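Observations on chain architecture
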Amino acid sequence: MVFHAPVAIVAKAGDAGKYKTGLPTWNMIVRGFMSGAYIAMGGALATVCSTGIQASDAALRYGTASAGFSQLILGAVFPVGLIITVLTGAELFTGDAMLAPMAAFVHKVSWAQVLNLWLWVYIGNLIGAIVWAYICANGPFVSFDAAGVGTVSAFGTRAIAIAAAKTSYVGMMGFYSAFLKGIACNWLVNLGILLGICADDLVGKFFGIWFPIMAFVSSGFEHSVANMYFIPAGIFTQGFITDPTKITASVNWVSMWTANLIPVTIGNIVGGMFFVGVIYWVAFRKEIAALK
């Protein structure tokens with residue numbers, strides 16, 4: 001395995017950001033669409049694999065299941081989306097929250113270009129994630145009878161529960177909590193991206209990405225693009241419930257933004273740009289200048 005020195009990793013991150021900001025708009029959207037779908041694939045897998053693990057309180061007392069083990073399973077399988085994204089050259093907003101500013105710091109790319117990349121990739125991620133959410137909500141999350149009537153499966157019930165949890169942030173403290181979870185999430189995500197840059201071979205990139213992503217998911221932090229899948233998946237699946245008393249009021253398109261995506265997206269930007277991008281640029285800017 002070949003590993004690069006830290007200063008070389010930071011320099012390569014800047015080069016990657018410069019390349020990304022130079023893509024045409026249609027390409028940003030297409031690559032963003034792909035990554036949004038890939039992240040959603042990891043989210044769907046995590047939903048299915050964690051279904052039924054977190055049992056009743058009585059079961060928890062007797063040691064047959066645990067909330068922590070459920071989170072571990074979520075974290076263990078979710079990274080597939082970012083691994084595919086990095087290895088196939090797709091565009092992820094949360095990664096660009098660090099890479100594009102690194103290009104601005106190191107290569108003097110304009111901040112207008114940074115914001116342009118963020119906008120179109122974010123839109124592409126949103127479209128890709130929602131498309132995959134729709135596929136899952138009408139596939140494994142619902143079973144249909146001969147008359148075409150859908151019944152929510154155990155996987156669908158789990159999808160709705162995840163969406164309900166992610167739209168449960170209310171009030172200023174709820175906003176603040178989602179914001180902080182967004183910071184922590186993208187701090188880890190972008191460390192994973194840097195570790196992926198660190199290695200030149202497939203195995204090294206796989207493990208470099210996998211561990212930080214597993215850590216953020218298992219810890220319960222919030223990722224804006226993942227939530228572009230998790231919440232719509234719950235919304236679409238809940239549409240098959242006919243009993244009004246079983247519908248979770250918070251799971252809707254408005255709360256998706258007000259109770260989650262807005263604070264989480266802001267937190268993701270802070271976590272990626274400041275806690276990784278700025279800190280590493282400040283720490284290595286003299287060495288980077290010496291490389292030129």
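The preceding data block contains the structure.
Everything quoted here is computed from the prediction, not taken from an experiment.

Quick notes on the rules
Residues numbered from 1 in each chain as written. Predicted model: local features only at pLDDT ≥ 70, side-chain atom pairs only at ≥ 80, totals over all residues. Heavy atoms only, no water. Core = buried A, V, L, I, M, F, W, Y, C linked by side-chain atoms within 4.5 Å. Buried < 20%, exposed > 50% of the residue type's maximum accessible area, 1.4 Å probe, protein only. Helix = DSSP H or I, 4+ residues; strand = E, 2+ residues; numbered from the N terminus. Contact = heavy atoms within 4.5 Å. Axes fitted to C-alpha atoms, helices over the stretch in contact; angles between N-to-C directions. Parallel < 35°, antiparallel > 145°, perpendicular 65-115°, else oblique. Left-handed = near helix turned anticlockwise from the far one by under 90°. Nonpolar A, V, L, I, M, F, W, Y, C, P; charged D, E, K, R; others polar. Phe/Tyr/Trp six-rings, centres within 6.5 Å; stacked < 30°, edge-to-face > 60°. Patch = residues over 30% accessible without salt bridge, like charges linked within 9 Å, V, L, I, M, F, W, Y side chains within 5 Å. Areas by Shrake-Rupley, 256 points an atom, 1.4 Å probe, with all protein chains shown as cover. Salt bridge = Lys/Arg side-chain N within 4 Å of Asp/Glu carboxyl O. Polar contact = N/O pair within 3.5 Å; in protein donor to acceptor, adjacent residues only side chain to side chain.

Considering the nonpolar core
Grouped together as the largest cluster of nonpolar side chains are 63 residues, with contacts concentrated most on Phe78, Leu82, Ile213 and Tyr229. Take this core: its biggest share by element is nine residues, from helix α7 (residues 111-137). Residue contacts for Phe78: discarding those within four places in its chain leaves Ile39, Gly42, Gly43, Ala46, Ile213, Phe216, Val217, Ala226 and Phe230.

A short note on the packing of helix α8 (residues 154-166) against helix α11 (residues 224-238)
Two elements in contact, α8 and α11, have axes whose closest approach is 8 Å; the angle formed by their N-to-C orientations is 125°. Between α8 and α11, the angle falls in the class oblique. Crossing of α8 over α11 shows left-handed handedness. Along its contact with α8, which presents Gly156, Ala159, Ile160, Ile162, Ala163 and Lys166, the element α11 presents Asn227, Phe230, Ile231, Gly234, Thr237 and Gln238. When the residues that make up the contact of α8 with α11 are grouped by side-chain class, the tally is six nonpolar, five polar and one charged.

Remarks on the packing of aromatic side chains
Under the counting rule described, the total for this entry stands at 16 aromatic pairs. Aromatic pair Phe93 and Tyr122: ring centres 4.9 Å apart, planes at 85°, arrangement edge-to-face. Taken as a pair, Phe93 in helix α6 (residues 93-107) and Tyr122 in helix α7 lie far apart in primary sequence, 29 residues in all. The residues Phe93 and Tyr122 share a single accessibility class, namely buried. The interplanar angle of 35° and the centroid separation of 4.5 Å between the aromatic rings of Trp187 and Phe275 together place this pair among those described as tilted. Of this pair, Trp187 sits in helix α9 (residues 171-198) while Phe275 sits in helix α12 (residues 253-291), and the two are 88 residues apart along the sequence.

So, a nonpolar patch on the surface
Among the surface-exposed residues, Phe33, Ile127, Val131, Tyr134 and Ile135 lie close enough to one another that they form a single nonpolar patch of about 430 Å² accessible area. With four residues, the top contributor of residues to the nonpolar patch is α7. If you trace the backbone, Phe33 turns up in helix α2 (residues 25-49). Under the relative-accessibility criterion, Phe33 is labelled partly exposed at 35%.

A few points about the environment of Ser50
By the element assignment, Ser50 lies in the loop between α2 and α3 (57-61). Judged by relative accessible area, which is 1%, Ser50 ranks as buried. Considered as a pair, Ser50 and Ile73 are 23 residues apart in the sequence and their alpha carbons are 6.0 Å apart. Those residues within four positions of Ser50 in sequence are excluded, and the remaining contacts are Ser70, Ile73, Leu74 and Arg158. A distance of 2.8 Å separates the side chain of Ser50 from the backbone oxygen of Ala46, its partner in a polar contact.

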